[in-house]
Amino acid sequence: MNATTIRTLFFAFLLLETCYELYLTLLNIRHVRQHAKEVPPLFQKAIDEDTYRKAVSYTIDKNRFALVYQLLSTGFVILLLTSGLLGILDQWVQSTGWHLYLQGILFVLLLSLLLRIVSLPLSLYQQFVLEERYGFNRMTGKLFLSDLGKGLVVQLILMTPLLLGLFWFMDEAGRYWWIWAFLFVTLFQLVVTLLYPLVIAPLFNKFTPLPEGSLKEKVLALAEKLGFRTRGIYMMDGSKRSRHSNAYFTGLGKVKRIVLFDTLTQSLSEEETCAVLAHELGHEKQKHILKMFFLSSVFLFLGFLIVDSLLLYEPLYRAFSFGRPSYHGILTIISLCAGPFTFFLNPLINGLSRRFEYQADRFAAEQAGLGEALASALLTLGKENLTNLTPHPWYSFYHYAHPTLGERLDALRKLG
Ligand SMILES: [Zn+2]
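Residues numbered from 1 in each chain as written. Predicted model: local features only at pLDDT ≥ 70, side-chain atom pairs only at ≥ 80, totals over all residues.

**Some thoughts on the overall build of the protein chain**
No. 1: Counting its regular elements, the protein chain contains 16 helices and 4 strands.
No. 2: Expected size for 416 residues packed as a compact globule is a radius of gyration near 22 Å; at 23 Å, the protein chain falls within 12% of this value.
No. 3: Across its three principal axes, the protein chain shows a C-alpha extent of roughly 65 × 50 × 40 Å.
No. 4: By residue count, 28% of the 416 residues in the protein chain fall in the buried class.
No. 5: Expressed as a percentage of contacts within the protein chain between residues at least 6 apart in sequence, the contacts between residues at least 24 apart total 76%. (Helix = DSSP H or I, 4+ residues; strand = E, 2+ residues; numbered from the N terminus. Rg over C-alpha atoms; globule rule 2.2 N^0.38 Å. Buried ≥ 20, exposed ≤ 12 C-beta atoms within 10 Å, placed from the backbone. Contact = placed C-beta atoms within 7 Å.)

This is how it looks when you write it as structure tokens:
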């Protein structure tokens, strides 16, 4: 294959992905509109017409935003490639005369900085116009800037050793460098996962152990009943950015912890909060995080295999306007291509994730006996977050990592 064929192939896949996603989003908007007249029967008891109308218009606004985002980002990738900008940037880092590894790091950092700057207006619009319109935004301009700054610093601190390690293995580890590089990145991810709740997350949020009181007593009783030994249940001040609420599991080994957004405990009763917690413990007990990590490692392994087989293939570099093969060049090319060449795998990964969600719901219902409380918690959260109650089935099949609210309530009802 020559450079032109490769480039054409890439554009074809990129356009295929873009068109497919635009089509799904348009389909979703139409589906939501068609169901907008009355609250779907399943939710009529819990959700009033006013809230429903708001949820419909929030969904449509978000989907429209996604359309614009998709179009602009595809346009930007096309511009990036046809303008030869990657090659110009590459030549410039070469002209510094720095060590090759440092040139590579500089290239990657400048490129990711550029991507951030280009997407900045969209992030601002999303936070301060779209989310604001529906009363979700709690972020100040100052906080937005400080998040941005801290994010860049964290990225710099993490990317530098990661890239240095990768370049070194590519250079020095011989024929099977890619297996070593794979092991290195896996280990790196484990270390970051370990450090995330201790070092990185506290830069952005305040975490406080659950305060003494009846909620804590209930939570501890639940943890004991389910044989979960950690005391690491924390509240996070999510309310400083958004009214959206959530709970998640983080960390590894001894620093495993469950994090509840303060917005969650504000809107749920104590029993409902326990039900959400039981769901999270279900993920932990059934080793869902580990299984997902394993799956992503398989993809990473295949990714390195591909990098290895293309490392010296010059037409590929020319197709993306790089004048010379380089370590940072191949990493950039593979990251740019990853989306368009793998987007059809989305439903597979999301399907697995949805399966895990059902299993965790089942755990909360059967092991903790909190099925009803979970159902009412999901309803309350769905209402407060203005969740789309009627996504198009193809849209949710492709995009959703969680079953739809209706599907989850149905499944819980069947258990009870
Ligand atoms: Zn879950």
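More follows now that the structure is in view.
**Topic: the nonpolar core**
No. 1: One finds Ala 275, Leu 277, Ala 278, Ala 364, Leu 370 and Leu 374 to be the most contacted residues of the largest nonpolar core, which totals 49 residues.
No. 2: The contacts of Leu 374, once residues within four sequence positions are left out, are Ala 275, His 279, Asp 361, Ala 364, Ala 365 and Leu 412.
No. 3: With 25 residues, the next largest nonpolar core counts Phe 167, Trp 177, Leu 316 and Ile 330 among its residues. (Core = buried A, V, L, I, M, F, W, Y, C linked by C-beta atoms within 7 Å.)

**So, the sheet that holds strand β2 (residues 233–236)**
No. 1: Reading across the sheet, the 4 strands line up as β1-β2-β4-β3 and stay open at both edges, with mixed pairing between neighbours. Whereas interior strands pair on both sides, the edge strands pair on one side only; in this sheet they are β1 (207–209) and β3 (247–250). Ignoring strand direction, the axes of neighbouring strands in this sheet form an average angle of 30°.
No. 2: Of the pairings in the sheet, the one linking β1 to β2 comprises 3 bridges and is antiparallel in character. Residue Pro 209 lies in a different strand from β2, and its bridge partner there is Tyr 234. (Pairing = 2+ DSSP bridges. Axes fitted to C-alpha atoms, helices over the stretch in contact; angles between N-to-C directions.)

**Some details on the pairing of strand β4 (residues 257–261)**
Walk down a regular strand and you will see the side chains alternate between the two sheet faces.
No. 1: Buried residues dominate β4, accounting for 4 of its 5 residues.
No. 2: Where β2 lies against β4, 4 bridges are found, and the strand directions are parallel. Paired with Tyr 234 across the bridge in β4 is Val 259.
No. 3: Relative to β4, β3 runs antiparallel, the two being bridged by 4 bridges. Within β4, the position partnered with Tyr 248 by the bridge is Val 259.
No. 4: Two successive antiparallel strands, β3 and β4, enclose a turn made up of 6 residues, where Gly 251 displays a positive phi of approximately 85°.

**Considerations on the environment of Ser 376**
No. 1: Mapped onto the elements, Ser 376 comes out in helix α14 (residues 371–384).
No. 2: Separated by 304 residues in the primary sequence, Ser 376 and Leu 72 have C-alpha atoms spaced 39 Å apart.

**Overview of unusual backbone geometry**
No. 1: Phi is positive for Ser 321, which is not a glycine, with a value near 65°.
No. 2: Examined against the element boundaries, Ser 321 turns out to sit in the loop between α11 (314–319) and α12 (327–342).
No. 3: Look at Ser 321 and you get buried, because 20 C-beta atoms sit within 10 Å.
No. 4: In the Ramachandran plot, Leu 386 falls in the positive-phi region, its phi being about 50° despite a non-glycine side chain.
No. 5: By C-beta crowding, Leu 386 is classed as buried, having 21 other C-beta atoms within 10 Å.

**Digging into helix α2 (residues 49–82)**
No. 1: Between its terminal C-alpha atoms α2 stretches 49 Å, which fits the 50 Å expected from 34 residues at 1.5 Å a residue.
No. 2: Inspection of α2 places Tyr 52, Ala 55, Val 56, Tyr 58 and Thr 59 among the buried residues, and these make up the whole buried set.
No. 3: Buried-residue contacts for α2 involve α1 (3–34).
No. 4: Gly 84 sits one or two residues past α2 and shows a positive phi near 75°. (Expected span 1.5 Å × (residues − 1).)

**Let's talk about the confidence of the model for the protein chain**
No. 1: With 100% of its residues at a pLDDT of 70 or more, the protein chain shows a mean pLDDT of 93.
No. 2: Here β3 is the element of the protein chain with the lowest mean pLDDT, 82, and helix α15 (residues 393–399) is the one with the highest, 97. (pLDDT = per-residue confidence, 0-100.)

**Regarding the environment of Thr 390**
No. 1: Looking at the element boundaries, Thr 390 is found in the loop between α14 and α15.
No. 2: Assessed through the 23 C-beta atoms surrounding it within 10 Å, Thr 390 is described here as buried.
No. 3: C-alpha of Thr 390 to C-alpha of Pro 40: the two residues are 350 residues apart in sequence and 8.0 Å apart in space.

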